Every structure is written in structure tokens, then in C-alpha cells.
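# Observations on the model geometry
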Amino acid sequence: MQTLEHYIQVGGQRLRCGYTTGTCAAAAARGAAELLLTGEAPDLLRVETPSGLTVEVEVEEAQLLENCARCAVRKDAGDDPDITDGVLVWATVERTEAPDVTIDGGEGVGRVTRPGLDQPPGAAAINSVPRQMITEQLKAALRNAAADCGLRAVISIPQGRALADKTFNPRLGIEGGLSVLGTSGIVRPMSEAALVASIHAELDVRRAEGALDLLVSPGNYGAEFARDVLGLDLTQSVQCSNYIGDTLDYAAARGFRSLLLVGHLGKLVKCAAGVMNTHSRVADCRMETLAAHAALCGANRETVRDILQAVTTEAAIPLLQEASILNETMDSVMEALSRHLRRRAGEALRVEAVLFTNQQGVLGETEGAAELLALHRKGEREP
């Protein structure tokens, strides 16, 4: 198997990156489409990932059948301890009369059964970015072959059903297999100690550059929301992953003046309960915290129960809207969030936060967030 020879320095370690199941699915779909349309399977597939990095993936198996073609590529997780490392990801592609492409999941790919996830109930658990990557590869194959037809791709992971029991999919209401995931197309390996060290190193760089005011987000979603929706300058931004408490501690110790945290409800509601490492293996109090604040704001027993049973925080938002307490509940959450962030940061570091969801946009801001939003929007970071 050809491995991805792309490395990152994490703390004192040089770690090799891999590629996501979404990248595997896109490559397999391209290979199967080319085999179907031209009669020849490529030996090597090139996929441009959303991160901008092009990966080359070997075709492990290829089969041209009577009405379809199948292709498999092997997942390479690099140095990341991913349970899907080494599994085969298959795509089966067939022609359709309609001039379009469609995507579904087959054996070992989970099926969504509850609302609130990236895909609606009934859909295969293939997230939006992988779907777009697969679509692009199928359309490229059609263009290259000058084919006058559409294509239907079914993604399968034969080992997926057994591996899914080791993930959170059953708790999330994803049944029958794994999810096809990935927002960048690349797996960046991170041990906890190495990741915290890399966050500290990035903060050191920002401070050495003279920055006093930080913009922090847990990950890509927060950074993209800050840039695309809030219009913020990401020049002095840092991604802290799940380590919000460690980031606050180090930012305070390094003498930063302020820190604006922009994060999704599903992350920051944990901080509103005082949980400063938001990894699910450390604590998952999202629904309990949200239900408690809803109860404080007048939610009845049935609403509280429904919130506790919701699969994600986004799925709980309509319940709060139906009870006419969404704004009050978010105000309560933001008050608690502000209190816990400031307690952790101490008096020397000013901390404000903006909380959002993808569907609702901004749901809450701490009392002084507007001032820091204007600061990062205009780039007026004065010494």
C-alpha cells in the first residue's frame, strides 16, 4: 500500500499524516467510475483534498461486472491511532439515465436514524464534505470519458459493522456501520501531550510576534464560522482542539491581554458546566447541561426529557423554540460559560465567547464579546 508521505511536527515528534474515509470513498468512486466508463482501472488515483493537499491512492482491487464496476482502496491513517486504519473502502458505481450523480451507503456504512446529525434520518452516514468530494470525482470521470449518462455510487466498508461498536455511532443513532467522515480529507495525528505542546508552541509564536489579543476556536468549524460569518481576521487565531482549559492557562501565563473564544454549542455548553477538556472520553455533559438550563428557564418535564434524549445539541434547539425559551436558555448558558471561563483564566486575561450552531448562527455572546469582535474584525490590535 502506498502511504501518504506528509509529516507534521507535533511537540517534539515528527508524525505522518493519513487520509480520511471520505478521501478513500472519493478515490474508490473515481476508480470504479473510470473502470465502468473506459473498461480500464487506474493503478493510482489522485485526489485533491479540501485541505489543498493532493494525495495519491493505490487501487487495491477492481472488478468490472455486467452492470457496474467496483473499486477498493485501503485507509491510511498515518500515525493516528484510528480504528479504521487499514480497512478497505469500496465503491460500486453504475450508470443511470438521469444526467446526474447520486451517492448512497452499502454494507458497513451506517444509516442515520435520529435528527440532529450532518445527514437527515434515513440517509447513509456519509457527511457533507465526503459527499462533495465523491460528487466531484464522479463528475470528473464523466467529463473525461465524455459520457452521456449519470452515475450512482454506493460506498461500502465490509468491516464497518463490527468496528462501529467501538465508536460513538450507536449512541448517536447511527446504525449498521461506520460514518464516512472528514472535513479536510487529511488525518492529522495528534497524541494528547503532543497536541497540547503544539498549542503552546503556537501561542508562543503569536506572543513573540507581539500579539496581545487572541482569537481561539476549538477546530475548523469555529475558525470558518469566525471568518466567513463573523468576518473576523484569523491572523492571530489559534485552534485549541478540546483543550480549552490548557489554552486559557497558557495564554494567561504568557501575558496575553484578551482571548475571544468562538465555538459550537456542542463544545462550549460543556465549558458552561465547568468542563475545560471537551473530549467525549473525558466528559459528555452536553444534553444534561442544556436540559438543566432549560429547566431553570421554565421548561416542563416533557421538554427536559426530550432534550436529554436528543442526539445532538442542534437537535435540541427546535425543542427550546417550541417551548419559547430558546433565548432565555442561551442567556443562562452564556452566563455560566462566562463565569467558568473567567474563573479559569484569572484576573489578568480577559475572556469573552461567542457560541453558534451551523443552522442557527450566533446563539449567544458573553457580555463583553462585542468589543473583542470589533477588535478582531478591524484588526486593531494595539500594544
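First, a word on scope: everything that follows refers to the structure included in this document. Please read these numbers as outputs of a predicted model, since none were measured by experiment. (Residues numbered from 1 in each chain as written. Predicted model: local features only at pLDDT ≥ 70, side-chain atom pairs only at ≥ 80, totals over all residues. Heavy atoms only, no water.)

A word on helix H10 (residues 301–309). Listed as buried for H10 are Thr303, Val304 and Ile307. Projected onto a plane normal to the axis of H10, the buried residues spread over an arc of 100 degrees and lie on a single side. Against helix H9 (286–296) and helix H11 (313–322) lie the buried residues of H10. Capping of H10 at its N-terminal end is provided by Asn300; its side-chain oxygen lies 3.2 Å from the backbone amide nitrogen of Glu302. (Buried < 20%, exposed > 50% of the residue type's maximum accessible area, 1.4 Å probe, protein only. Helix = DSSP H or I, 4+ residues; strand = E, 2+ residues; numbered from the N terminus. Arc of directions from axis to C-beta. Contact = heavy atoms within 4.5 Å. Polar contact = N/O pair within 3.5 Å; in protein donor to acceptor, adjacent residues only side chain to side chain.)

Bringing the packing of H10 against H11 into the picture now. At a minimum axis distance of 9 Å, the contact between H10 and H11 shows a crossing angle of 170 degrees. Classified by the angle their axes make, H10 and H11 are roughly antiparallel. Packed against H10, whose contacting residues are Thr303, Asp306 and Ile307, the element H11 presents Ala316, Leu319 and Leu320 at the interface. Of the residues that constitute the contact of H10 with H11, the class distribution is four nonpolar, one polar and one charged. (Axes fitted to C-alpha atoms, helices over the stretch in contact; angles between N-to-C directions. Parallel < 35°, antiparallel > 145°, perpendicular 65-115°, else oblique. Nonpolar A, V, L, I, M, F, W, Y, C, P; charged D, E, K, R; others polar.)

Under the criterion given, the structure shown has zero disulfides. Not part of a disulfide, Cys240 finds its nearest cysteine sulfur in Cys271, a span of 8.2 Å. When its relative accessible area of 0% is taken as the criterion, Cys240 is described as buried. (Disulfide = S-S within 2.5 Å.)

Bringing the environment of Leu203 into the picture now. By the element assignment, Leu203 lies in helix H5 (residues 192–208). When the C-alpha positions of Leu203 and Ala26 are compared, they lie 36 Å apart, and in sequence the two are 177 residues distant. If sequence neighbours within four positions are ignored, Leu203 has contacts with Leu214, Val238, Thr247, Tyr250, Ala251 and Phe256.

A separate point is the packing of H11 against helix H12 (residues 326–345). At a minimum axis distance of 7 Å, the contact between H11 and H12 shows a crossing angle of 120 degrees. One element, H11, and the other, H12, form an angle in the oblique class. On H12, the residues touching Ile317, Leu320 and Gln321 of H11 are Leu326, Thr329 and Met330. Considering only residue class, the contact of H11 with H12 consists of four nonpolar, two polar and no charged.

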